[in-house]
Amino acid sequence: MPESTHSGRRICLFGGTFDPVHFAHLRVAQEALKQCHLNGIVFIPAGVPPHKAVGRVTPYEDRLHMVEIACAPYPEFEVSRLEEGTRRSYTIETVERFRKMLSPADELFFLIGADAFNEIESWHRWQDLIQLIEFIVVTRPGGCYKVPPGAQVQKLNGLELPISSSAIRARLAARKPTPELPDGVRAFIEERGLYLKKRKTTVLR
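So, here's what we can say about the structure. (Residues numbered from 1 in each chain as written. Predicted model: local features only at pLDDT ≥ 70, side-chain atom pairs only at ≥ 80, totals over all residues. Heavy atoms only, no water.)

1. Overview of the overall build of the protein
Point 1. Looking only at helices and strands, one finds seven helices and six strands in the protein.
Point 2. Reading the protein from its N terminus to its C terminus gives the helix and strand order β-α-β-α-β-α-β-α-α-β-β-α-α.
Point 3. Counting the 205 residues in the protein, one finds 45% classified as buried.
Point 4. Of the contacts formed within the protein by residues at least 6 apart in sequence, a portion of 67% connects residues at least 24 apart. (Helix = DSSP H or I, 4+ residues; strand = E, 2+ residues; numbered from the N terminus. Buried < 20%, exposed > 50% of the residue type's maximum accessible area, 1.4 Å probe, protein only. Contact = heavy atoms within 4.5 Å.)

Written as structure tokens, this is what we have:
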């Protein structure tokens, strides 16, 4: 990750399921890097996402490797295994662990969509979280969200990126084109046979 010319760095965490990672994730990260004058962005695939049903998420190693492929062309992007494991991944615990890896002069941010930020008060230990980190909130044109008292927020405006991971998964299952995916990610998905519909088998008696 590039060094800052100042006494501290401006580092942004970008957590998510990334199931799969796609160009909208990369575009949002690029815009945050530029608009918020960051030194780097750390992608953190969730190990066991707290808001997802267990067993409905692609295996962690596959999601992590897809993010590594997608981020490879961008020197300012890193991929972290910080949420690897079988425990549920709570953002506050990730932030606390990552903060310990930085110097006191470093500034830490968290990149998040407006819809998710609207639910921040339902997150585990959210009151502690808003004291530890500044949020960069991705806002659609005309969109709005509630900011809890005490939360520090930078708006990342002007991004209209109607890309849905669930829609991508549906097209992958139907073996249709997915222009929203980097070529290397699509190749890895095909190699691993991810997202394919399970075929019904006929039992002969």
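2. Observations concerning the pattern of salt bridges
Point 1. Counted under the stated rule, the structure contains twelve salt bridges.
Point 2. Glu107 serves as the salt-bridge partner of Arg10, at 3.2 Å between the closest nitrogen and oxygen. With Arg10 in strand S1 (residues 10-16) and Glu107 in strand S4 (residues 107-113), this pair connects stretches of sequence that are 97 residues apart.
Point 3. Classification of Glu107 as partly exposed rests on a relative accessible area of 36%.
Point 4. Notably, a salt bridge pairs Arg27 with Glu31, separated by 3.6 Å at the nearest N-O pair. Of the two residues, Arg27 and Glu31 are both situated in helix H1 (residues 23-35); the distance of four residues between them amounts to about one turn of the helix. (Salt bridge = Lys/Arg side-chain N within 4 Å of Asp/Glu carboxyl O.)

3. Here's the deal with the packing of aromatic side chains
Point 1. By the definition in use, this model includes nine aromatic pairs.
Point 2. Each ring, one from Phe14 and one from Phe18, has its centre 5.4 Å from the other, and the planes form 85°; the classification is edge-to-face. Residues Phe14 and Phe18 agree in their burial class; the two are buried.
Point 3. Seen from their ring centres, Phe14 and Phe43 are 5.1 Å apart, and the 50° between their planes marks the pair as tilted. (Phe/Tyr/Trp six-rings, centres within 6.5 Å; stacked < 30°, edge-to-face > 60°.)

4. Quick look at the side chain of Ser165
Point 1. Topologically, Ser165 is positioned in helix H6 (residues 165-173).
Point 2. A relative accessible area of 18% means that Ser165 is categorised as buried.
Point 3. In this structure Ser165 touches Asp19, Pro20, His22 and His25, once residues within four positions along its chain are discounted.

5. As for the environment of Ala167
Point 1. On the secondary structure map, Ala167 appears in helix H6.
Point 2. Sequence separation between Ala167 and Thr178 is eleven residues, and the spatial gap between their C-alpha atoms is 9.6 Å.

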